[in-house]
Amino acid sequence: MQKVRPPWQVKGELVTKAEDETDPNFGHKPEERPIQEHIGFGVINLDKPPGPSSHEVTAWVKRILGVAHAGHGGTLEA
Amino acid sequence: MQDATKVIQALLSAGKEYVCAMKLHADVSQERVRAVLGEFQGSIYQMPPIRASVKRRVRVRKIYYLDLLEVDGRDVLIKVGCEAGTYIRKLIHDIGEALGCGAHMHELRRTRAGPFTEVENLVTLHDVVYLFSLWQETKDEGFLRKFILPMEEALKLLPKIYVRDSAVDAICHGAHLTAPGVISLDTGIKPKEQVAIFTLKGEAVSLAEAVSSTEEILNMTHGVVAGNLRVLMPRGTYPRLWSLSR
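I will try to describe carefully the structure that is included in this document. Quick caveat, the model's predicted, so the values are computed rather than measured. (Residues numbered from 1 in each chain as written. Chains lettered and ligands numbered in written order. Predicted model: local features only at pLDDT ≥ 70, side-chain atom pairs only at ≥ 80, totals over all residues. Heavy atoms only, no water.)

1. Things to note about the pattern of salt bridges
Any two side chains of opposite charge can pair, on the condition that their charged atoms come close.
(1) Moving on: Taken as a whole, this structure holds eleven salt bridges over all chains when the rule is applied.
(2) Moving on: For arginine 164 of chain B, the salt bridge identified is with aspartate 20 of chain A, shortest N-O distance 3.2 Å. Separated into two different chains, arginine 164 of chain B in the loop between strand 9 (160-163) and helix 6 (165-172) and aspartate 20 of chain A in the loop between strand 1 (14-16) and helix 1 (35-40) make up a pair that spans both.
(3) Moving on: Among the residues examined, aspartate 20 of chain A registers a relative accessible area of 26% and is labelled partly exposed.
(4) Moving on: When the shortest N-O distance is used, the salt bridge between aspartate 47 of chain A and arginine 109 of chain B registers 3.0 Å. With aspartate 47 of chain A in the loop between strand 3 (45-46) and helix 2 (54-65) and arginine 109 of chain B in strand 5 (residues 103-113), this pair bridges two chains.
(5) Moving on: For aspartate 47 of chain A, a relative accessible area of 23% puts it in the partly exposed group.
(6) Moving on: Salt bridges here are not isolated pairs; linked through shared partners, they connect Asp47 of chain A together with Arg109 and Glu118 of chain B. (Salt bridge = Lys/Arg side-chain N within 4 Å of Asp/Glu carboxyl O. Helix = DSSP H or I, 4+ residues; strand = E, 2+ residues; numbered from the N terminus. Buried < 20%, exposed > 50% of the residue type's maximum accessible area, 1.4 Å probe, protein only.)

2. Concerning helix 4 (residues 125-138) of chain B
(1) Moving on: Helix length check: helix 4 of chain B (14 residues) gives 20 Å between terminal C-alpha atoms against 20 Å at 1.5 Å per residue, within 8%.
(2) Moving on: Along its buried surface, helix 4 of chain B packs onto helix 1, strand 3 and helix 2 of chain A together with strand 7 (122-123) and helix 5 (142-147) of chain B.
(3) Moving on: The positive-phi residue at the C-terminal boundary of helix 4 of chain B is lysine 139 of chain B, with phi of around 65 degrees. (Expected span 1.5 Å × (residues − 1). Contact = heavy atoms within 4.5 Å.)

3. Here we look at the environment of aspartate 72 of chain B
(1) Moving on: Tracing the chain through its elements places aspartate 72 of chain B in strand 3 (residues 59-72).
(2) Moving on: Given the relative accessible area of 56%, aspartate 72 of chain B is considered exposed.

4. Brief notes about the sheet that holds strand 14 (residues 224-231) of chain B
(1) Moving on: Reading across the sheet, the seven strands line up as 1(A)-11(B)-9(B)-12(B)-13(B)-14(B)-10(B) and stay open at both edges, with mixed pairing between neighbours. Bordering the open sheet on either side are strand 1 of chain A together with strand 10 (177-178) of chain B, each of which pairs with just one other strand.
(2) Moving on: As judged from the five bridges shared by strand 12 (residues 194-198) of chain B and strand 13 (residues 204-210) of chain B, these two strands associate in the antiparallel manner. Each bridged residue has a counterpart across the sheet, and for phenylalanine 198 of chain B the counterpart in strand 13 of chain B is alanine 204 of chain B. (Pairing = 2+ DSSP bridges.)

Have a look at this one:
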């Protein structure tokens, strides 16, 4: 059977259409976001324990970090 | 968290990897197991199980790789890389059918979801509590950044289109991306493919659907290049500009 490359093995390449600069007075590089903003636009790669549901675990994370809103990207689909 | 929950959609449709322990229902030679596993690489047919929340029709799914990790009698450990929405339990069942003796899934662990793997930045709940308390004590933000990643990390595998500052706020208001706003883009973008629109600082602006291919976009001087699907950046982050910067 024809083997298909997984998306994480495909190397991306950028091609330029135009040139421009970005104004340092607006926005932030993601790694330089002020901490509260960083949390509000943050994701956690969490190893969920097998017992509780994703919903429960999400609620715990919200409580620990003090955020009002959070979601999860799903666990096992099988 | 908060506004980053909007990227969840991109993750649900991202490829996955699992390590799975399966039990064969009879003794089979390793060569035969390897041979059958090889047959399941590439595209397979699957009917979602009765419990599934999707429409029950036969659908094609890509199995990127199916590696045999270990065999111990009738216990077989495999690693599977697959398209989103692949039912591993059903895959194991079908492998058992192909082997003739039958097999069932004993244990499953997801080792990759899109760009997220076990080896980088995976944390437990204990780590979260611990690192968070370290931040509270020391006020060193490094502790938080160790396990809270920018939402752009979730979009790493999506093809990207980088836009000029003057195009950003319109997109934040729901506008589609037009040709003059494009600075650079990934090669290999196809029509209808999901893309991520980024600023030149590397911030995610929105998720969009490409209207044309990379080559076509490069040649376009006007017109819609990508249809806005989901705005990620708050309005007003970049100034509202009615004219394009030179």
